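Structure assessment
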Amino acid sequence: MTGCGPAQETTPTLTWYINPDDGGQAELAQQCTTEANGKYRIQTSLLPNEAASQREQLARRLAAGDSSMDIMSLDPPFIPELAEPGFLAPIPEDVAERTTQNTLEGALAGAQWKGELVTVPFWANTQLLWYRKSVVEKAGLDASKPITWDQLIEVARDQKKFLGVQGSRAESMTVWINALVESSGGHVVENPEAPADEISIGLDSEAGQKAAEIVGTIGREGLGSPGLPTQAENASMLLFQGDDGSFMVNWPFVWPATNSAIKAGTLPASLASDIGWTIYPRTDASKESAPPLGGINLGVGSSSKHPDLAYEAIECIVSPEHQTQYFVTNGNPPSDSTAYDAAEVKEKFPMAPVIRESLDQAAPRPQTPYYNEVSTSIQQFWAPASDVTADTPKNNTEFILQVLRGERLL
Amino acid sequence: MSKVVSARQRAETRLGWLLAGPAFIIMLLVTLYPILQAVWDSLFSFRLTAPDDRELVWLKNYGVIFSDAIFWRDLGVTLLITVVTVAVELVLGFALALVMHKALKSVRGLVRTAILIPYGIITVVSAFSWYYMFDIKSGFINSWFDWIPGIGADTNWFANAGTSLFVIMASEIWKTTPFISLLLLAGLAQVPDELTEAAEVDGATWWERMKRVILPNMKAAIMVALLFRALDAFRIFDNVFIMTNGAYGTEVLSLLAYRTSIGRLEIGLGSAVSVILFICVLLITFVAVKLFKVDLAGSRGVK
C-alpha cells in the first residue's frame, strides 16, 4: 500500500463533522479541497439528525481528546459547554478578523463565549411567521403590520384552523418558549455566564406568565392540532401545508421544501402563491418580537493535529460566496450580511430581506454551559402544551435550580 | 447423594474448566472492568465537560437518586413493562409452543420459521415500524381501526403514558414472544411421551395432564424462559428511545441511565443509576432462581 501514491499521503486530511443537510457542506468541502491545491484535504463525517444528539457525540469525542475533531459544525447554544473546559482551539486573531467583518450581530453573539470569539459563524437561522394569504384575508388582518400571538389564536379559533407550532418534547419546545419569553423582554436565564449554583432563572416573571398563557391556550383549545404533543418543525410544516393550515412559526427551510413538494406533485401548485411571510409574532403588541436564532458555527477541536490548516479551511468554507451558494442550494441563510446582496438569493428566496431583518432582532437561547439541563427541564414542563398552566413557570424554575444544584435527576 | 467424587467426574470438571476457562476469563475482563469502573465513578460528582471539577461525594449520588420521584416513576414504568410483557408472552408463547409441538411434521419447519420472523428483526427497526404505524401523521392504525370506540383520526398514541406504553408493550410482545415460545417448545419436547400417555390411559383430562405432568416437567424450561425475558424486558431501551424518548411518563430505568450519562454527561450520577440497574437485574435473577427452586446442575447428577 505504501507505493500507492506518496504525494497523496503527505496531504493532511481534515475531518469536518457536519450536521445533515442537502449535501451543501460536502460540496463546500470538495470545493475548498480543490482550492487548497494539495495543502489539505477535507473529508466530511456525518453527525446525527437531532441537535441534541450532535452535541452528545461531539462532547464525548472532544472530552476523550479525539484528534480527528478538525472542523465541527456546531449549534450555537451548545458552544459554551464546549468552550468552557477548553475543548475548542483558540481562533487566530487574523482569522477572527477576516471571517467576522460583515457578520450579522445575532450570529456573532452566538459564536462567542465570555465575550471572546470561540467559533466562526457559518450560517445563521431564524424563524419567520408564515401565513396562508387566504386565511389572513378572511380574517381582515393586515400582514404588513406586526401580528401578535393573541391575534393568531383568535383567527385560528374563529376559522377553526390549526396553528403550526412545535409542541413536542424536544429542543424545538425550548426554541418556542425562549422566543416567547424574550419577546416580552424577559430572559430564561438571567445570568448565563454564572456557575451552576449561582444561575438565576427568569421564567417566574410576567414574561413567563404570558408565555404560559399562550402555550396553554393553544394546547388546551386544540389550536395546534391533535398532533401537537409530538409535533416538531417538519410535522408543523406538513400541517401548515394542509387544508387546515393558517399560520406557522418555522425556519426558512420550509420554503424550498414546499416548492420541492409542489414540483414533485405532492402538493397543489396553487399553494405557493397562498403562502406569505412576515416577522415573528409579538407577545406584546407594543414590543418588537425576538425571533428564535439558530444556525451553525464552525469550531476546531483543541486536540486537532492541524488547527492552523483547519482555520485556513474554515476561512474558505465561510467566504461570502460560499455562504451565498449554501443558501441558494440548501436553504440555510448566511451569517455574512453581504451574502444577502447576491441576485440569485433575491430570486430564489423572496423572503431574504425579512430573514435578514429577523436575524437583526433575533435573540439567542441561553448561552450557558448548562444549556442542556435548562433546555431539557423546559421540555419536561412545557410539553404537552395542554398541561401548561399559570403555575408552570414557577414549578419549572424550582426544578431547573434543583437540577443545577445536583439535587435532582432530570 | 454421595459426597464421593469419582475420578471420572474430577477429570470432567478439569476438562470443563480448561474448555470454558479462557472464555470465562475474557468475559470477566470485559464485563467486570466496566462494572467496577461504574461503581467507582458513581462515588464522584463528575461531569464530562467539566473535568477539573471532579469531586468525591461518596454515596451522595445514590441519595439523590433514591429521594427523587423521577427514579421511582421510571422504576415503576420498567416493572410494569416487565410484568405485563412477560406475563402475556408466557401465555402466548406457550400456546404457540403447543401449536408447534403438535403441528404436522410436514409443516413444522415452516411454522417455526414463520413464528421466528419477528424475533429476527432488529429491535430498532421493529421499533421504527411500530412508531410509524401508530404515528398520528404517517400511521395507518387510526384509519384502519377507527371502528373501535376511542380510536379516531385524532388519536395521538404517543401523547400520553397510557397509549404510548400500550404501543411499546405491544411491539415488545410481538417481537419477543417467538423467543419464549421456542424455549418452551424445547421444554415441551423434553416431557417424556410415556408420562402423558400413561396419564391419558389413567383417564386424566387435558387440563390435568397439563397441570400434573407437562408443566412440572417443564419447570426448568419455564424458569429459563421467564428469567431471560424478565431480564431483557427490565433492560428495555430501543422501543422507548425510538417511540417516545421517554416523553410523557414513559421513561424506563435504562433510558434514565443513558440520558444522565450520555445526554447530560453527568458520569457520576449516570454511573450510580447504572449500578442500581445492575443490582436490580441481580435481584431479579436471585428471586427467579429461589422462587422456582430449580437446580439446573441437578439434572446431571452433579452438585
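Throughout what follows, the structure given in this document is the object of discussion. Computed from a prediction, not measured in an experiment: that's the story for all the values here.

Our next topic: the overall build of chain A. A count of helical and extended segments in chain A gives 19 helices and 11 strands. Scaling as 2.2 N^0.38, a compact globule of 410 residues should have a C-alpha radius of gyration of about 22 Å, and chain A matches this with 22 Å. Along the first, second and third principal axes, the C-alpha set of chain A runs to 75 × 55 × 35 Å. Burial statistics for chain A: of 410 residues in total, 59% are counted as buried. The contacts in chain A between residues at least 6 apart in sequence include a share of 74% that link residues at least 24 apart. For chain A, the accessible area works out to roughly 16,000 Å², and carbon and sulfur atoms hold 47% of it. For chain A, the distance from the average position of its 28 positive side-chain charges to the average position of its 53 negative side-chain charges is 6 Å.

Residues and elements named next belong to chain A. When you tally the buried positions in strand E11 (residues 293-299), you get seven out of seven residues, the bulk of the element. Neither face of E11 is open: one carries Leu293, Gly295, Asn297 and Gly299, the other Gly294, Ile296 and Leu298, and all of them are buried. Two strands pair when backbone bridges link them, and strand E3 (residues 71-74) and E11 are joined in this way by three bridges, in the antiparallel orientation. Its bridge partner lying in E11, Met72 is registered against Gly299.

Let's shift gears to the sheet that holds E3 of chain A. Residue and element names in this part refer to chain A. Sheet architecture is open: five strands sit in the order E2-E1-E3-E11-E6, paired in mixed fashion. Whereas interior strands pair on both sides, the edge strands pair on one side only; in this sheet they are strand E2 (41-46) and strand E6 (120-126). Neighbour-to-neighbour, the strand axes of the sheet open up by a mean angle of 15°, direction not taken into account. Helix-sheet contacts for helix H17 (residues 352-361) involve E6 and E11, and the interaxial angle to E6 is about 105°.

This paragraph deals with the sheet that holds strand E7 (residues 128-132) of chain A. Two modes of strand pairing occur in sheets, parallel and antiparallel, and in both the strands are linked by backbone hydrogen bonds. All names here are of chain A. Spatially, the four strands line up as an open sheet ordered E8-E9-E7-E10, and their pairing is mixed. For this open sheet the edge positions go to strand E8 (162-164) and strand E10 (275-278), each flanked by a neighbour on one side alone. Averaged over neighbouring strand pairs, the angle between their axes works out to 20° when direction is ignored. One ladder, built from four bridges, connects E7 with E10; its direction is antiparallel. Of the residues in E10, the one forming a bridge with Leu129 is Thr278. Sheet strands touched by helix H12 (residues 254-264): E7, strand E9 (245-250) and E10. Its angle to E10, the strand with the most contacts, is close to 175°.

What counts, and at which threshold
- Residues numbered from 1 in each chain as written.
- Chains lettered and ligands numbered in written order.
- Predicted model: local features only at pLDDT ≥ 70, side-chain atom pairs only at ≥ 80, totals over all residues.
- Heavy atoms only, no water.
- Helix = DSSP H or I, 4+ residues; strand = E, 2+ residues; numbered from the N terminus.
- Rg over C-alpha atoms; globule rule 2.2 N^0.38 Å.
- Buried < 20%, exposed > 50% of the residue type's maximum accessible area, 1.4 Å probe, protein only.
- Contact = heavy atoms within 4.5 Å.
- Areas by Shrake-Rupley, 256 points an atom, 1.4 Å probe, with all protein chains shown as cover.
- Lys, Arg positive; Asp, Glu negative; His and termini not counted.
- Charge placed at Lys NZ, Arg CZ, Asp CG, Glu CD.
- Pairing = 2+ DSSP bridges.
- Axes fitted to C-alpha atoms, helices over the stretch in contact; angles between N-to-C directions.

By themselves, these are just geometric observations and shouldn't be taken as functional.
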